Each structure stands twice: as structure tokens, then as C-alpha cells.
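What the coordinates show
Now for the letters of each chain:
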Amino acid sequence: MILKSYKIGVSAPLSGCEGEHGKQMVRAVELAIDEFNQNNRKPYSIEIIVGNDKGETEEGKKVAESFVSDLSIMGVVGPLNSNPSDGAAPLYNQAGLVCITNGASNATLTTHGYKSFFRIIANDDFQGSALIDFISNYLKVSKISIINDNTDFSSGLGGLVHEKASARGLKIIDHLEISFGKEDYKQELSALDLSSPEVIFFAILEPEGKIISRQLREAGNKSIFLGTDALKPSKFLYTPGYDVPGPYHSCATTDINREKSAFHFAELFEKKYNEKYSIYTAEAYDAANLLINAIDSTDDPNRENVLQKIRNTKDYQGASGKITFTDSGELKDPKISFYYYKNGDLCFLGFSDSFI
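Computed from a prediction, not measured in an experiment: that's the story for all the values here. (Residues numbered from 1 in each chain as written. Predicted model: local features only at pLDDT ≥ 70, side-chain atom pairs only at ≥ 80, totals over all residues. Heavy atoms only, no water.)

1. Points about the overall build of the chain
Within the chain, the regular secondary structure consists of 10 helices and 14 strands. Relative to its length of 356 residues, the chain is compact, with a C-alpha radius of gyration of 20 Å against a globular reference of 21 Å. Sorting the 356 residues of the chain into buried and exposed places 58% on the buried side. Contacts spanning at least 24 positions in sequence make up 67% of the contacts within the chain whose residues lie at least 6 apart. Total accessible area on the chain is roughly 14900 Å²; 46% of this is exposed by carbon and sulfur atoms. Looking at charge distribution, the chain has the averaged site of its 37 positive side-chain charges lying 4 Å from that of its 48 negative ones. (Helix = DSSP H or I, 4+ residues; strand = E, 2+ residues; numbered from the N terminus. Rg over C-alpha atoms; globule rule 2.2 N^0.38 Å. Buried < 20%, exposed > 50% of the residue type's maximum accessible area, 1.4 Å probe, protein only. Contact = heavy atoms within 4.5 Å. Areas by Shrake-Rupley, 256 points an atom, 1.4 Å probe, with all protein chains shown as cover. Lys, Arg positive; Asp, Glu negative; His and termini not counted. Charge placed at Lys NZ, Arg CZ, Asp CG, Glu CD.)

Rendered as C-alpha cells:
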């Protein structure tokens, strides 16, 4: 039966330290849906329904329960983060409701046999290998310390980098796990050897990075700082006034200001919202369009048909690049970009395959 409208759910962190990224993620999905509805000739429209998962496991479950119970929802964009994805994915899988994450990178999310979970970015296993290549072949250092917090993303990536660094013969000076959400880390950092590591790798989020980078420098540390896209292309590891190179960071999300595939999306986004926003927005836009195309390309839109269309995605040209999903729901042929700060300016260094 054809309904008057079908819905796409968005599970996003709309409060907390990731709130701004969640807001922009929702905007990207709104943009895709508005485009469809303006040009649509079908006897139905597509609507957006948003749930605030707060970046937390239990809240992700609550959003999933709500979305699963609304049978007009044909698919979900998100969650953005690994913790709510871990909580929500089994519920979506049980209901046969497809979810496409634009940011959750914990590698174990695709190891449970879920048939409805997909992601449009590189997972942490891929990023971990790229980070070790970068440390070894670009930074050309061998003594590393690792700092991560106790969230699914951070602990997962921190552990993978430790494992891969050891396998490549790098020396692990320290591996420190901190508690997420504190405002002072001096006590935890006092356990670190501050003079031996040539590079400190941070698998942490923005608020932590801003505090810890400053406190390490104040304690006398002069190591190279290396972060990930969890710190976003930001200055939260930047410590001007200290004679050290960098900081450097890897990034799995699409830079809409330099990726040709994203230029049209960036133009549309800026026109609608009077700003450009590069963090996970191209991926959210692509996820929404994949769901819209799946709904639009069947005479009988239902969860089963939409899920099958997504599973068969091959060489879809999106704002984030070409998208093909593997049998486990991973993005085929992902890439990681690397950046550094020089005199306060963000500079692109290259993609991960440049540092193998």
C-alpha cells in the first residue's frame, strides 16, 4: 500500500560535546529530503524525523526503539557515534530497518553479522593501519605514547593503534586510558613519561583534546601530537608558543572545501544555511540520498525492499565519493586524509595511500 508520506529517521547527538555536529548532520539530511520533495512526481512525500541519541549507548537504544515502532520510517541516517550505534544496531537489525552511519567507526560494529548496518566512512581498523604508516613513513619516528578515553570509539581505536604499532616494531612508551568528560587531567597525565615519546597519539574527543594538549605542554612535553577526526579539523591540539611541529591529524570524513565530489553539495548547503560545514555532512547527505533512491526506485516501498536496495549499492557517486558496500556493510575502498597545522593554518598533506 502506498502511503502519503514515508519517513527517514536521523539518530544524532543534539546535545553534549557533539551537539553542533549532530545539528549539521540533520541539516544535511534535510537538504537531501527537500531536494527530493521539490522535484518529486510520486504520489507521496518524504519526511524527516529526528531523535537525540546524545552520543550515548542507552539513548541510542531509546531512539532505535522509537524509530522501529514507527512503520512509516523506511531507514535511518546515523547514529553519528560508535556508542549509540552499538546500542541501536541490534534493534535495527532485528526489525529489518536499515541504518547508515556517517561517522561511527568502531571496527567491531560490522563483526556481529548485522544485515541492516552500513557505514560510509573508513572503520578504525583501516584508520589504525593508516596512522601507523603515517607515523613510520612520514613522521619517521618509532617511540609512541597513546592516550584514549573509555568510549567505544576511543578505546577501540587506541587498542588497534597499540596492536598495530607493536606489530610494526614501534616502541610503546605509555598507553593511558582516561575518563571521558573531566575538566582536569593533570593527575592522570602525571603517570606518563613526558620526555621519551617522539609522538603522542590521541584517540579522544574535542573537549579532552583542548585540555590535555595544553596540560601536557605546561608539564614540559614536546612530543609531536597526532589526533584523528574525532578532534575534527580543528585547533584543539594546536599549542602555539612551543617549538614543536604540527599537530597532525587523520580524518575519515570528507573535506567539502577541497573534494570535487562534494562541491555541489557544499554549494547547496551554503546557499540554504549560509555556511559550509565539513564534518560528516557529505556522508549524512549521501546516506539520506541512498535511502531516498531506495524508496523512490521501488513500486512498493517497505523496509525489506529498501534494505535490499541498500545492500545492492554499487558505484553510487555521492558527495563523499564513490560508494559500494561490502557484504558486512563496510565501505569498499575507503580513504583517510592527513593534515597538519603550520603557523595556525590547516594544511592538507595527502591521502593514506601516499604514506604506505
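What follows continues from the structure just given.
2. A closer look at the packing of aromatic side chains
Tallying each qualifying case throughout the model produces 17 aromatic pairs. When the ring of Phe265 is compared with that of Tyr285, the centres are 4.7 Å apart and the planes differ by 40°; the resulting orientation is tilted. One end of the pair, Phe265, is in helix α8 (residues 263-273); the other, Tyr285, is in helix α9 (residues 281-296), with 20 residues separating them in the sequence. As far as the burial class goes, Phe265 and Tyr285 line up, both buried. Ring centres of Phe269 and Tyr273 lie 4.9 Å apart, and the angle between their planes is 55°; this geometry places the pair in the tilted category. Here Tyr273 and Phe269 lie together in helix α8, a separation of 4 residues that amounts to about one turn. In terms of burial, Phe269 and Tyr273 fall into one category: buried. (Phe/Tyr/Trp six-rings, centres within 6.5 Å; stacked < 30°, edge-to-face > 60°.)

3. What about the layout of surface pockets?
Of the voids in this model, the largest pocket is the one considered here, and its volume is about 440 Å³. Lining the largest pocket are 24 residues, with Glu18, Gly55, Asn81, Thr151 and Leu205 positioned closest to its centre. Put simply, the second largest pocket is a space of about 370 Å³. Lining the second largest pocket are 27 residues, with Ser320, Leu331, Asp333, Pro334 and Lys335 sitting closest to its centre. Of all the secondary-structure elements, those providing two or more residues to the lining of the second largest pocket are β12 (321-323), β13 (337-342) and β14 (345-351). Looking at the lining of the second largest pocket element by element, the count peaks at 3 residues for β12. Classifying every residue of the lining of the second largest pocket gives 12 nonpolar, 6 polar and 9 charged. (1 Å grid on protein atoms, 1.4 Å probe; cavity = no way out; pocket = protein on both sides within 12 Å on 5 of 7 lines; lining within 4 Å. Points joined across faces, edges and corners; volume = space filled by probe spheres on them. Nonpolar A, V, L, I, M, F, W, Y, C, P; charged D, E, K, R; others polar.)

4. Digging into the pattern of salt bridges
Scanning the entire structure with this criterion turns up 13 salt bridges. In this structure, the salt-bridge partner of Lys62 is Glu59, at a minimum N-O distance of 3.4 Å. Taken together, the residues Lys62 and Glu59, both in helix α2 (residues 57-69) and 3 residues apart, mark about one turn of the helix. With its nearest N and O atoms 3.3 Å apart, the salt bridge here joins Lys335 to Glu259. Placement of the pair is Lys335 in the loop between β12 and β13 and Glu259 in the loop between β10 (248-251) and α8, with a sequence separation of 76 residues. Three or more residues joined by partner-sharing salt bridges are found here, namely Arg258, Glu259 and Lys335. (Salt bridge = Lys/Arg side-chain N within 4 Å of Asp/Glu carboxyl O.)

5. Things to note about the sheet that holds strand β1 (residues 5-12)
With parallel pairing, the 5 strands of this open sheet are ordered in space as β2-β1-β3-β4-β5. On the outer flanks of this sheet lie β2 (45-52) and β5 (117-119), each paired with one strand and no other. Between one strand axis and the next, the sheet turns through 25° on average, direction left out of account. Judged from the 3 bridges that link them, strand β3 (residues 73-77) and strand β4 (residues 98-101) form a sheet pairing that is parallel. Each bridged residue has a counterpart across the sheet, and for Val77 the counterpart in β4 is Ile100. Lying over the sheet, α2 contacts β1, β2 and β3, oriented at roughly 150° with respect to β2. Sheet contacts for helix α10 (residues 303-311): β3, β4 and β5; angle to β4, the most-contacted strand, approximately 40°. (Pairing = 2+ DSSP bridges. Axes fitted to C-alpha atoms, helices over the stretch in contact; angles between N-to-C directions.)

6. Some words on unusual backbone geometry
Cis geometry marks the peptide bond from Gly78 to Pro79; its omega dihedral reads -5°. Looking at the element boundaries, Pro79 is found in the loop between β3 and α3 (82-95). In the segment running from Gly246 into Pro247, the intervening peptide bond is cis, with an omega of 10°. Although it is not a glycine, Tyr280 adopts a positive phi angle of roughly 65°. With respect to the secondary-structure elements, Tyr280 resides in the loop between α8 and α9.

7. Focus on the sheet that holds β14
What the 7 strands build is an open sheet, ordered β7-β6-β8-β9-β10-β13-β14; its pairing is mixed. Of all the strands in the sheet, just β7 (171-177) and β14 have a single pairing partner and so form its edges. Each neighbouring strand pair of the sheet contributes to a mean axis angle of 20°, computed without reference to strand direction. Pairing between β10 and β13: 4 bridges, direction antiparallel. Considered in β13, the bridge of His249 is made with Tyr339.

8. A word on the state of the cysteines
Two cysteines whose sulfur atoms are joined by a covalent bond form what is called a disulfide. Overall, the coordinates contain 0 disulfides when judged by the stated rule. The thiol of Cys347 is not disulfide-bonded; the next cysteine sulfur, from Cys251, is found 15 Å away. (Disulfide = S-S within 2.5 Å.)

Don't take any of this as a statement about function, it's just geometry.
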